[in-house]
Structures are given as structure tokens and as C-alpha cells.
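Tertiary structure, described
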Amino acid sequence: MVQTSLAEEGYWGANWARERALPRPVDPTDASLANSVDRAWHDFFRAALADLPPGSRLLEIGAARSRWLPYFARNFGLRVTGLDYSQEGCDQARAILARAGQQGDVVCADLFNPPAALLGRFDLVASFGVVEHFQDTAGAIAACARLLAPGGRMITTVPNLTGAIGTLQRLLDPKVYGIHVPLGPRELRVAHERVGLDVDRCGYLMPANWRVVVVPPTGRGRRLARRALGGATKLVWAADRLGARVPPNRLTSPYVACVARLGR
């Protein structure tokens, strides 16, 4: 199975090579306002994985520099594996696991041509911003589904480029926007159903996080744009904590998340 990505391996390899400082693993115990995103994801995963027993096998697709592998190992007791085709990204994922004191495997291979030993093996297959880089969304999801064990579940998350974040990204860096296929809940649900997966839920996550917008690394106004995006995001988070809640929605939500299952 071969599929052309809108962002090829060289793009990601160059990105990871520039990022020398390793990110910290996800820490849901940090109650600070700045950690609002990780805490929202933690709440989402606690609900989505409530019936997944410890020792279940997780595969993260697109695991370069993954903060999630040690998180899933530590907080859910899962046996974790990462898959990515960037050697630089895989090396960094291994370093993050080691620094966190967690065990796991990281396999450097192409999603569309994975080692045979990975096929049909995993109880949970998760991806964070992968399938939207392929014109054939259902084809990318089908490649992910090949790695699921019978009865396994898939969690697919993508940036919400159908709302304000997409507009901002197109204005600030159209090249970055161009390597994404904008997907909303309906499109993501349909793509999962087309390949025979049963969708448990599919919708928007969080009221806002405009920091996901990629600002060009050089150019006038870069610092101002980043500060404006970060400041506006924190204002919404602070209001949410004070009770002025904004429900997840098409216009301002930063993510779309789908939970689906493979029949036995």
C-alpha cells in the first residue's frame, strides 16, 4: 500500500533536526493555566480508555518526538510502541521515553509499508495530526486500521482547520496550510466508516488553542503574532476556569477527535 503525503519525509526530518531540546512528557498533574491543553486531552483519554485494561498494547502513529508514549505508559499502564518514518524523530522519541523512565519500542518504518509483525497486533492505535496530510483520508485511516487487533480501537485526532485556526494558518503561512486537508467531524467520521470502523464518537475538543497555528520562523511581526495568539488563547482558558464556558465548536475549537472500533 503506497500513498503520497502532502508533507514528505524530508520536511519532517528537517523539522525534527531543528528541534534539539526534547519536549517534556504530558503531565496531567500540572494544574497551571499553561497546561490546559494537556489536561483537556487527559480528560478525553480517561473517558475514551476507561474500559481498556492495563497491559493493553498501544501504537502511536507519527510518533516522532512523542510526548504521548511515556504518558500512556505511566497513566494507563499500556505497553507502548511508536511508529514513524523519520529516523531523527524516532531517535528523539526513544530519548524522551528513556528520560521519563518508561519502557517502549519505537519502530522506524513507513505507515503504508510497516513490518509484518505489527499488523493486527494493537489494542489501541492513536495518531495526533497524521491522516490530514494525505489527500485520501480514508486510505490513510485504512492503513492505520491494518495495525489493529480484532476488537481494537482507534483514536484519530487532527487540527480543526475548518474554522478560525484554518483561516489564520492560511493567512500567516499558506505553505503550512497547504500540506493539510481540512477535516471536520463529519468528514473524519465518514472516512472511518468507509473503511469498516464503527465510530463511538467524533467531535470538536477544547474551546480554543490558537497556539497551534504555525507562525513562520522568520519575518517581521513573527514575535507579535505568537504573543497575540498565545494571549488570546489564555484569555479564553482563564474565562473558562472562571465559569464562562465556551463549548467546543466549529469556529474556535483547535482539534477534532474520533474514537472508533474494529469489529471482531
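Residues numbered from 1 in each chain as written. Predicted model: local features only at pLDDT ≥ 70, side-chain atom pairs only at ≥ 80, totals over all residues. Heavy atoms only, no water.

**Quick notes on the packing of aromatic side chains**
Evaluated as defined, the whole model comprises 17 aromatic pairs. For the pair phenylalanine 44 and phenylalanine 45, a centre-to-centre distance of 5.3 Å together with 70° between the ring planes defines the contact as edge-to-face. An aromatic cluster is defined as three or more aromatic residues linked by ring pairs; in this entry it consists of Trp41, Phe44, Phe45, Trp68, Tyr71, Phe72, Phe76, Phe128 and Tyr255. A cation sits over an aromatic face here: arginine 170 above tyrosine 177, 5.1 Å from the ring centre. (Phe/Tyr/Trp six-rings, centres within 6.5 Å; stacked < 30°, edge-to-face > 60°. Lys NZ or Arg CZ within 6 Å of the ring centre and 35° of its normal.)

**Points about the sheet that holds strand β4 (residues 122-128)**
Taken together, seven strands build an open sheet; the order of strands is β3-β2-β1-β4-β5-β7-β6 and the sheet is mixed. Each end of this open sheet is capped by a strand with a single partner; those strands are β3 (105-108) and β6 (198-205). Direction aside, the axes of adjacent strands within the sheet are offset by 15° on average. With seven bridges connecting them, strand β5 (residues 148-159) and strand β7 (residues 255-261) associate as antiparallel partners. Within β7, the residue paired with methionine 154 across the bridge is alanine 260. Across the sheet, helix α3 (residues 68-76) touches β1 (57-61), β2 (79-84), β3 and β4, and the angle it forms with β2 is around 165°. (Pairing = 2+ DSSP bridges. Helix = DSSP H or I, 4+ residues; strand = E, 2+ residues; numbered from the N terminus. Axes fitted to C-alpha atoms, helices over the stretch in contact; angles between N-to-C directions. Contact = heavy atoms within 4.5 Å.)

**Notes on the packing of helix α5 (residues 137-145) against helix α8 (residues 185-194)**
Put simply, α5 and α8 touch, their axes get as near as 8 Å, and they point 55° apart. When the axis of α5 is compared with that of α8, the two are oblique. The way α5 lies across α8 gives a crossing that is right-handed. Touching Thr137, Ala138 and Ile141 of α5 are Leu188, Ala191, His192 and Arg194, all from α8. Considering only residue class, the contact of α5 with α8 consists of four nonpolar, two polar and one charged. (Parallel < 35°, antiparallel > 145°, perpendicular 65-115°, else oblique. Left-handed = near helix turned anticlockwise from the far one by under 90°. Nonpolar A, V, L, I, M, F, W, Y, C, P; charged D, E, K, R; others polar.)

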